[in-house]
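The residues making up each chain are set out below.
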Amino acid sequence: SILLLVSYLRSVFGVDVYGEVKNRANRLMLWAGFLACQMVVMGASANAQNAECTAFDDDTAYYDSRTFCGRTKFGIIVGAIGTAIALCIVAMKMLTQISPLVIEGVLSLVLCVMNGFGVAYLTSPQGPGSAIGNLYYFTWLSWLCSFMLIASVYEDYQDAGNTNSEEGENKVDGDIPVETIGMQEDV
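Presented here is an overview of the structure given in this document. (Residues numbered from 1 in each chain as written. Predicted model: local features only at pLDDT ≥ 70, side-chain atom pairs only at ≥ 80, totals over all residues. Heavy atoms only, no water.)

### Things to note about the environment of Asn26
To keep things clear, this is the line we draw: Secondary structure counts use DSSP, requiring at least four H or I residues in a row for a helix and at least two E residues in a row for a strand, with both numbered from the N terminus. Residue burial is assigned from relative accessible area. The probe radius is 1.4 Å, only protein chains are included, and a residue is buried under 20% of its type maximum, exposed over 50%, and partly exposed in between.
Mapped onto the secondary structure, Asn26 falls in the loop between α2 (17-24) and α3 (28-52). Here Asn26 falls in the partly exposed class, since its relative accessible area comes to 41%. Distance from Asn26 to Lys93, taken between C-alpha atoms, is 9.5 Å for residues 67 residues apart in sequence.

This is the structure we're talking about:
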């Protein structure tokens, strides 16, 4: 349905939705993908919490309920924090004309570490994502997206530093490089 709508808008009105979003900001699609992954992690963890951690009979459980439920709560927390951060960054990229690379870099690093622990705790044998399913795959995808975000921010940071030195501009100590958001022209 989405592809049909995008195709219709492109052919009838000349609106290139994908091109507009891509030109809007370098990592907007990656942040949106990360946002979707984090929402699935949060939802799948909440579903496991409701299904498995409401009433346990410790004698019949095949796993330690405290460990399982603790890791499930950790999954909900990781998903909620990741969703909130990604939503803020996506909103900032859509509503403002600048996006500080340093803030994106620090948040990407925090999310990568947090999702690294998420992979370790949620997909381990005692975790709710130990079985192959949505929680397993989207926990790994969240970590991969956060790693790709770090790599992209680092690349843009390096490009910003090279551009300033090539143009002969003196960079004042303490300046924070920013990504200019808007229509980017291919030169």
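The structure having been displayed, the exposition proceeds.
### Considering the nonpolar core
The test is simple: Buried Ala, Val, Leu, Ile, Met, Phe, Trp, Tyr and Cys residues that are joined via side-chain atoms within 4.5 Å together make up what is termed a nonpolar core. In what follows, a contact means two residues having at least one pair of non-hydrogen atoms within 4.5 Å.
Membership of the largest hydrophobic core comes to 15 residues, with the highest contact counts inside it found for Trp31, Phe34, Ile85, Ala86, Leu111 and Leu149. Not counting the four nearest positions on each side in its chain, Leu111 is found in contact with Trp31, Phe34, Gly82, Ile85 and Ser146.

### Thoughts on the packing of α3 against helix α4 (residues 65-95)
Counted only if it meets this: Under this scheme, a helix contributes an axis fitted over its contacting stretch, all axes are lines through C-alpha atoms, and angles between N-to-C directions fall in the 0 to 180 degree range. Angles are sorted into four bins: roughly parallel if under 35 degrees, roughly antiparallel if over 145, roughly perpendicular if 65 to 115, and oblique for all others. A crossing counts as left-handed when the near helix is turned anticlockwise from the far one by less than a right angle, and as right-handed when that turn is clockwise. All residues other than Ala, Val, Leu, Ile, Met, Phe, Trp, Tyr, Cys, Pro, Asp, Glu, Lys and Arg, Gly among them, are scored as polar; the first ten of these are nonpolar and the last four charged.
α4 packs onto α3 with a crossing angle of 155 degrees between their chain directions and a minimal axis gap of 7 Å. Taken together, the axis directions place α3 and α4 in an arrangement best described as roughly antiparallel. Relative to α4, α3 is oriented so that their crossing is left-handed. The class makeup of the residues in the contact of α3 with α4 is 21 nonpolar, eight polar and three charged.

### Quick word on the packing of aromatic side chains
Counted only if it meets this: Only Phe, Tyr and Trp rings are paired, with Trp represented by its six-membered ring, and only when their centres lie within 6.5 Å; those with planes under 30 degrees apart are stacked, over 60 edge-to-face, the remainder tilted.
In total, this model carries six aromatic pairs according to the counting rule given. Taken together, a centroid distance of 6.1 Å and an interplanar angle of 90 degrees make the contact between Trp31 and Phe34 edge-to-face. One end of the pair, Trp31, and the other, Phe34, are both in helix α3, three residues apart, so they sit about a helical turn from each other. For the pair shown, Trp31 and Phe34 are each scored as buried. Cluster of aromatic residues (ring-pair linked, three or more members): Phe74, Phe117 and Tyr121.

### Considering helix α5 (residues 101-122)
Stated formally: In a helix, the anticipated span is given by 1.5 Å times the number of residues less one.
Taking 1.5 Å as the rise per residue, α5 with 22 residues should run 32 Å; its terminal C-alpha atoms sit 30 Å apart, in good agreement. Restricting attention to buried positions, one finds in α5 the residues Leu101, Glu104, Gly105, Ser108, Leu111, Cys112, Met114, Asn115, Gly118, Val119 and Leu122.

### A closer look at the environment of Gly118
With respect to the element layout, Gly118 can be found in helix α5. Here Gly118 falls in the buried class, since its relative accessible area comes to 1%. Here Gly118 is in contact with Phe74, Thr123 and Thr139, once residues within four sequence places are set aside.

### Some words on the side chain of Ser124
The line we're drawing: Polar contact is defined as a pair of N or O atoms within 3.5 Å, subject to the rule that within protein one atom must be able to donate a hydrogen and the other to accept it, and that residues adjacent in sequence are counted only when both atoms are side-chain atoms.
Note on placement: Ser124 falls in the loop between α5 and α6 (134-166). Among the residues examined, Ser124 registers a relative accessible area of 15% and is labelled buried. Within the local environment of Ser124, its side chain forms a polar contact with the backbone oxygen of Tyr121, the two atoms lying 3.2 Å apart. With sequence-adjacent residues up to four places away left out, Ser124 is seen in contact with Arg71, Val119 and Ser130.

### Overview of the packing of α3 against α5
Contact pair α3 / α5: the axes reach a minimum separation of 13 Å and the direction vectors enclose 35 degrees. Two packed elements cross with a definite hand, and for α3 against α5 that hand is left-handed. Contact residues: Trp31, Phe34, Gln38 and Val41 in α3; Glu104, Ser108, Leu111, Asn115 and Leu122 in α5. Here the contact of α3 with α5 is composed, by residue class, of five nonpolar, three polar and one charged.

### Re the state of the cysteines
Operational definition: Only a pair of cysteine sulfur atoms within 2.5 Å counts as a disulfide in this structure description.
Summed over the entire model, instances satisfying the criterion amount to one disulfide. Sulfur-sulfur distance for the disulfide between Cys53 and Cys69 comes to 2.1 Å. Taking the sign of the S-S torsion, about -110 degrees here, the bridge from Cys53 to Cys69 comes out left-handed. Taken together, the residues span a long stretch of sequence, with Cys53 in the loop between α3 and α4 and Cys69 in helix α4 at a distance of 16 residues. Exposure class is identical for Cys53 and Cys69. Each is buried.

Everything listed is a geometric property; what it means functionally is a separate question.
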